[in-house]
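Coordinate analysis (summary)
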Amino acid sequence: MTPGDGITSNPIVKVVFAGHVDHGKSTLLGHLLADLGALPDGKMEMISETCKRRGVTFEWAFLLDALKAERDQGITIDSTQVQAATADRRFIFIDVPGHQEFIKNMVTGAAQADAAVLLIDAKEGIQDETRRHAFLLGILGIRDIIIAVTKMDLVDFDQARFDALAQDASVYLGSLGFDLENIQAIPIAARDGQNILGPGDAMPWYSGPSLINCLNRLTPGAGTAWNSDAPLRFIVQGVYKFDERRILAGRVLSGQLRVGDELRFSPGNRLGLVESIETWPKPAAPDQAPQRAVAGQSIGITLNQQSFIERGAVGSHSNDQPNLVSAFRGRIVWFANAPLTPGKRYKMKVNAGEYVCFAEEIEHVLDTGDLSKSAAGTVARNQIADVVFRTRGQLAVDDQADLRGTGRFALVDGHRIVGCGLIDLEGFADESRKDTPKSANILQVEHRVDPTERWHANGHASGILWFTGLSGSGKSTLALALEEELFRRGIQAFVLDGDNVRHGLCADLGFSPEDRQENIRRVGELAQILAQAGFIVLTAFISPYRTDRDGVRARAGDMFHEIHVAADLAVCEARDPKGLYKKARAGEIPDFTGVSAPYEAPYAPELTLDTGDLDIEHCVHRLAEYALRAFRLPKDE
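Residues numbered from 1 in each chain as written. Predicted model: local features only at pLDDT ≥ 70, side-chain atom pairs only at ≥ 80, totals over all residues. Heavy atoms only, no water.

1. Details of the overall build of the chain
The criterion, for reference: Strands are runs of DSSP state E lasting at least two residues, helices are runs of H or I lasting at least four, and both sets are numbered from the N terminus onward. The cut-offs for exposure are 20% and 50% of the maximum accessible area for each residue type, with area from a 1.4 Å probe on protein chains only; residues under the lower value are buried, those over the upper are exposed, and the others partly exposed. In what follows, a contact means two residues having at least one pair of non-hydrogen atoms within 4.5 Å. Reported accessibility uses the Shrake-Rupley method at a 1.4 Å probe radius. Residues are deemed covered only where the shown protein chains occlude them.
Of the regular secondary structure elements, the chain holds 15 helices and 26 strands. Per-residue burial over the chain gives 48% buried out of 637 residues. In the chain, once contacts between residues fewer than 6 apart in sequence are set aside, the share between residues at least 24 apart is 73%. Per element, the accessible surface of the chain, about 30,000 Å² overall, is 48% carbon and sulfur.

2. A few points about the pairing of strand E4 (residues 115-121)
Successive residues of a regular strand alternate their side chains across the two faces of the sheet. Quick reminder of the rule: A pair of strands is considered paired only if DSSP assigns at least 2 bridges between the two. The definition of a right-handed crossover adopted here requires that, viewed with the strands pointing away, the path from the first strand over the helix to the second runs clockwise.
With 7 of 7 residues buried, E4 lies mostly within the body of the structure. Residues Ala-115, Val-117, Leu-119 and Asp-121 line one face of E4 and the alternating positions Ala-116, Leu-118 and Ile-120 line the opposite face, and both faces are buried. Relative to E4, strand E1 (residues 12-19) runs parallel, the two sharing 5 bridges. Note that in E4 the partner of Ala-18 across the bridge is Leu-118. In terms of strand pairing, E4 meets strand E5 (residues 144-150) through 7 bridges, oriented parallel. Counterpart to Asp-121 in the pairing with E5 is Thr-150. Since E4 and E5 lie parallel, the crossover through helix H5 (residues 128-139) that links them has a hand, and here it is right-handed.

3. Overview of the confidence of the model for the chain
Stated precisely, the cut-off is as follows: The predictor reports its confidence for every residue as pLDDT, a score running from 0 up to 100.
Mean pLDDT over the chain works out to 85, with 89% of the residues at or above the 70 mark. Below a pLDDT of 50 lies the segment residues 1-8, which in the model reaches 13 contacts outside its immediate sequence neighbourhood of four places, other chains included. Across residues 66-78, where pLDDT falls below 50, the model places 29 contacts with residues more than four positions away in sequence or in other chains.

4. Side note on empty space enclosed by the protein
To keep things clear, this is the line we draw: Put plainly, a pocket is an open set of points on a 1 Å grid over the protein atoms alone with protein on both sides within 12 Å along at least five of seven lines, a cavity is a set where a 1.4 Å probe fits but cannot get out, and a lining residue has an atom within 4 Å of a point. Grid points are joined across faces, edges and corners, and a volume is the space filled by probe spheres set on the points. By convention here, the domain bounds are inherited from an automatic or database domain assignment.
The full count for this structure, using the stated rule, is 2 cavities of 30 Å³ or more. Empty space within the largest cavity amounts to approximately 70 Å³. Phe-358, Arg-390, Arg-392, Arg-546, Arg-549, Asp-550, Arg-553, Glu-562, Pro-602, Tyr-603 and Ala-604 are the residues that line the largest cavity. Counting only elements with at least two residues in the lining of the largest cavity, the list comes to strand E19 (384-397) and helix H12 (546-556). Element by element, the count of residues in the lining of the largest cavity is highest for H12, at 4 residues. Viewed by domain, the lining of the largest cavity spans two of them, domain 3 (327-424) and domain 4 (452-631), each represented by three or more residues. The calculated volume of the second largest cavity comes to roughly 40 Å³. Every residue along the wall of the second largest cavity is listed here: Leu-118, Ile-126, Thr-130, Arg-131, Ala-134, Ala-169, Tyr-172 and Leu-173. Those elements giving two or more residues to the lining of the second largest cavity turn out to be H5 and helix H6 (159-175).

5. A few points about the side chain of Ser-326
Along the chain, Ser-326 falls in strand E15 (residues 323-334). Sequence-distant contacts of Ser-326, that is, excluding residues within four places in its chain, are made with Phe-389, Arg-390, Thr-391, Gly-393, Gln-394 and Glu-431.

6. Description of a nonpolar patch on the surface
Stated formally: Here the term patch refers to residues with relative accessible area over 30% and no salt bridge, with like charges joined within 9 Å and nonpolar side chains (Val, Leu, Ile, Met, Phe, Trp, Tyr) within 5 Å. Should a side-chain nitrogen of Lys or Arg be within 4 Å of a carboxyl oxygen of Asp or Glu, the pair is scored as a salt bridge.
A cluster of nonpolar residues, Tyr-240, Phe-242 and Trp-280, forms a patch on the protein surface that exposes about 400 Å² of accessible area. Examined against the element boundaries, Trp-280 turns out to sit in the loop between strand E11 (270-278) and strand E12 (292-294). Taking relative accessible area as the criterion, Trp-280 reaches 53% and is therefore assigned exposed.

7. A look at the nonpolar core
Stated formally: Buried Ala, Val, Leu, Ile, Met, Phe, Trp, Tyr and Cys residues that are joined via side-chain atoms within 4.5 Å together make up what is termed a nonpolar core.
Val-16, Met-106, Leu-137, Ile-145, Ile-147 and Leu-173 are the most contacted members of the largest nonpolar core, which has 42 residues in total. Two domains share this core, each providing at least three of its residues, namely domain 1 (13-222) and domain 3 (327-424). Not counting chain neighbours up to four residues away, the residues in contact with Leu-173 comprise Ala-134, Ile-145, Ile-147, Phe-178 and Ile-183.

8. As for the sheet that holds strand E10 (residues 262-266)
Our working rule: Comment: axis = line fitted to C-alpha atoms, over the contacting stretch for helices; angle = value between 0 and 180 degrees taken between N-to-C directions.
Overall, antiparallel pairing links the 6 strands, which are arranged E7-E8-E13-E11-E10-E14 in a closed barrel. Mean inter-strand twist for the sheet, computed between neighbouring axes without regard to direction, equals 45 degrees. Bridge count for E10 against strand E14 (residues 314-316) is 3 bridges, and the pairing is antiparallel. In the sheet register, Phe-265 faces E14, and the bridge partner there is Gly-315.

9. Section: the pattern of salt bridges
In a structure, side chains of opposite charge can pair up when their charged atoms sit close to one another. Going through the model one piece at a time under the given rule, you end up with 24 salt bridges. Arg-521 is the salt-bridge partner of Glu-518, the closest N and O atoms lying 2.9 Å from each other. Here the residue Glu-518 and the residue Arg-521 both occupy positions in helix H11 (residues 513-532), the gap between them amounting to 3 residues, near one helical turn.

10. Details of the packing of H11 against H12
Definition in use: Angular relationships are summarised with four words: roughly parallel below 35 degrees, roughly antiparallel beyond 145, roughly perpendicular across 65 to 115, and oblique for the angles in between. Helix crossings fall into two classes, left-handed where the near helix is turned counterclockwise from the far one by less than a right angle and right-handed where it is turned clockwise. In this count, Pro and Cys sit with the nonpolar residues alongside Ala, Val, Leu, Ile, Met, Phe, Trp and Tyr, while Asp, Glu, Lys and Arg are called charged and the others, Gly among them, polar.
Viewed as axis vectors pointing N to C, H11 and H12 meet at an angle of 25 degrees, and their least axial separation amounts to 10 Å. As summarised for this structure, H11 and H12 are arranged roughly parallel, according to the angle between their axes. Crossing hand, H11 versus H12: right-handed. Contacts from Arg-516, Gln-517, Ile-520, Arg-521, Gly-524, Glu-525 and Gln-528 in H11 reach Asp-548, Val-552, Arg-555 and Ala-556 in H12. Partitioning the contact of H11 with H12 into residue classes produces 3 nonpolar, 3 polar and 5 charged.

11. Let's talk about the pairing of strand E7 (residues 233-240)
Strand direction decides the pairing type here: E7 and strand E8 (residues 247-254), joined by 7 bridges, are antiparallel. Following the sheet pairing, Val-239 is matched in E8 by Leu-248. Between E7 and E8, which pair antiparallel in sequence order, lie 6 residues. Two elements, E7 and E14, share 2 bridges in a ladder whose sense is antiparallel. Within the sheet, the bridge partner assigned to Ile-235 lies in E14 and is Val-314.

12. Brief notes about the packing of helix H9 (residues 475-488) against helix H15 (residues 616-630)
At a minimum axis separation of 10 Å, H9 and H15 run at an interaxial angle of 55 degrees. Taken as axis vectors, H9 and H15 run oblique relative to one another. Our pair here, H9 against H15, has a crossing hand that is right-handed. Together, Thr-477, Leu-478, Ala-481, Leu-482, Glu-485 and Leu-486 of H9 and Ile-616, Cys-619, Val-620, Leu-623, Ala-624 and Ala-627 of H15 make up the contact between the two elements.

As structure tokens, this is what we get:
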């Protein structure tokens, strides 16, 4: 239930039943549903008849294992949701598979839960998958755990065995950061209904609560963590125009907003005052229109001015904005058969937006057994790892420890979800500070000439071709040749060259990492201005740092096209047209890229040209082909 939806009945608690395969999840849940009278009419009789017809023994688990393959193999494959109720609570019980082959289904089901019942077979004890499920429950943010030590009948209801398993499980959960005060262990024999609804006569030594007593104590909504006192995060899920108004539809993940509030939308740094809050169905009278929306509500809003705000934007109050980043650490669970590899491109889904990203570095893979960390070149299926991701474009996110709703993401390869993770921003700078002017009392002026009008006047679209590569690779040579070729074709093109700007715009900068970063920032801003004026801008800069180039891409958006002039160091040093490599080798030039300073090659540039193998004429031909295709006016323009 979400706040403000008008529901007045008992609160809903979503509980996931997790643990190792064959430790009794479906059996326990099947018996619990029968005891609560939550089974559909005739369900018990139908399963009993099916078991007789197939010649198999009746199992409580069959009440949950709906797929024929599940009943045949005696394992849960897909997650199942069922509803039940007591006098105090309404429940959605989520039965997830325990087999490691179906870990993706387990995560999908558990991600929706407020609390968990972690099952441990009294005879088999804690297994690898038990630890893995506990670990996953932790990174999914579930905090309330009920440890159900099942199949106590197989160990003759031995108290010592229960105490040992409860202690071991509690210690492990504590090592994962769980609060032991939120953990309750219960001995259960599900087939006989021991300690499910009430105390079991087979275990008189246990005086604690039954399973249903523990379930009735759980906090509703803990999994969604709707928090109206937290910073505002309004996720734009769509933009609609039913009349003259533009309605931004989305959900308030945290905080609250009111009519009259000034909101800042990131990325993009767009501002607007909330003129109205729209709900469906529409209020009967204008004076009944809501003036406030709180965490958990799905609403629409209108602003006092028309701004270009897209799906995936995050609305916040200016005094407590999300972080704007193009790189962060993600603690991921990997689902795909093909391993995650550094440098590979994936689609990242964050909030309601989609972004191209690259796995830049695998910091380590985690062992869910002893919680040790080990180096790895890839992340295999079902492994958990800390990976640094870099995105094309800036993301508006929060550290998952601060705000869960805007601190998680999913990874897609092709059309398949291949992983999910939590965002960790420790050690990563908030890039919004770079874009915040130091001057006060300044306002952006909107141009009255639309970019498409300039395109029509010029006969082509505009943008930035960003040439990057080592000194001597041929960046300036190719950029100048392409400029001439395009100009001869009647196209407005202009080259910004690395050496030229250091005689004026960047004359105050040296070659330290900080100065290089500022050099690229300035050039990137100038390139955007020229592109907005209708030019195709050709920039020829070493621009050695990936994060600086990605920063320009994030601000320029689709106007940015990266061209990697990929001659290797040996080729460039052999050419040495300006004698710089010779001086660098002699120690006369400090911080020289390729010799005493690093060069970070692009992961996925729009075009790569190896000038060690291709001559100038061939390269210019390919560049001209690309430019004419990339900056051709759309047919519908």
